[in-house]
Amino acid sequence: MKITEEELVERSLRDMKGVDPLISEWGEQIIRRTYEEGIFAQITEGYRSHERQARLYGQGRTGYSYKGQSYGREGKVVTHAKPGQSIHNYGFAIDFCLVTDNGRKAVWEVNDDWRRVATVAKGLGFTWGGNWRTFKDYPHLEWTHGMTWQDMKRGASPFDYPGFLLRRGTRGKRVRQIQVVVKVRADGIFGPITEKAVRSFQRKKKIQVDGIVGPKTWARLYK
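Residues numbered from 1 in each chain as written. Predicted model: local features only at pLDDT ≥ 70, side-chain atom pairs only at ≥ 80, totals over all residues. Heavy atoms only, no water.

Draft legend 1. The arrangement of helix α7 (residues 192-205) in detail. With 14 residues, α7 should reach 20 Å at 1.5 Å per residue; the first-to-last C-alpha distance of 20 Å fits that figure. Those residues of α7 not exposed but buried are Thr194, Glu195, Ala197, Val198, Phe201, Gln202 and Lys205. For α7, the angular spread of the buried residues around the axis is 160°, confining them to a single face. Away from its buried face, by an angle of more than 90 degrees, α7 presents the exposed residues Pro192, Ile193, Lys196, Arg203 and Lys204. Taken together, the buried residues of α7 touch α6 (173-182) and α8 (215-219). (Helix = DSSP H or I, 4+ residues; strand = E, 2+ residues; numbered from the N terminus. Expected span 1.5 Å × (residues − 1). Buried < 20%, exposed > 50% of the residue type's maximum accessible area, 1.4 Å probe, protein only. Arc of directions from axis to C-beta. Contact = heavy atoms within 4.5 Å.)

Right under this line is the structure:
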């Protein structure tokens, strides 16, 4: 029996516990949008504790220890990020895989379906680890909006980044994201028509009506 969309979403939401709520919303959108195309994807990990990061970093580094505890073991190196150096540690990254049509087995082949999932995610503003120049991380998606783990360690959030605010005159893929939701032509240009649609959206959601897409508007996009 084919796995249902709701079961994949339920699994994904379970494994995204601890991520920022908006990242969870977008992760769900990735699963639902690709399911409509006959692709069975699932989020496998979201927030990652420092101890979990230490276990992953220790693989392939037999002498590695963290806070006095040994985490080193044999195997293939799977990450170059030490505890605190992964976007997962701050709740702005998720990992995914494909599953068989009955949902019983993970599929790790990076095929056209896998790349389609990544494309949908990139349309929502994620960076895909499969596009990294070195040490490609095909399951990895992160939403940093120009921020580094060093910024996040200091307490900053991608939602605080000035470029996260969209207003009249802004251009780019973030604008296209908004335009799809508010149902105007997705040309990537934040003009008067987009601003009017954003104001209408804000009134409907009962948030500040200013025609500017900031954290509160982003947070309501898929609710």
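Draft legend 2. Main features of helix α1 (residues 5-15). Those residues of α1 that fall on the buried side of the exposure criterion are Leu8, Val9, Arg11 and Ser12. Burial along α1 is one-sided: seen end-on, the buried residues are contained in an arc of 165°. Taken together, the buried residues of α1 touch α2 (21-35), β1 (41-45) and β4 (93-99).

Draft legend 3. A look at the side chain of glutamine 53. Among the structural elements, glutamine 53 can be located in helix α3 (residues 50-58). For glutamine 53, a relative accessible area of 0% corresponds to the buried category. Beyond its immediate chain neighbours, meaning those up to four positions away, glutamine 53 contacts Arg48, Thr79, Ala81, Lys82, Pro83, Ser86 and Asn89.

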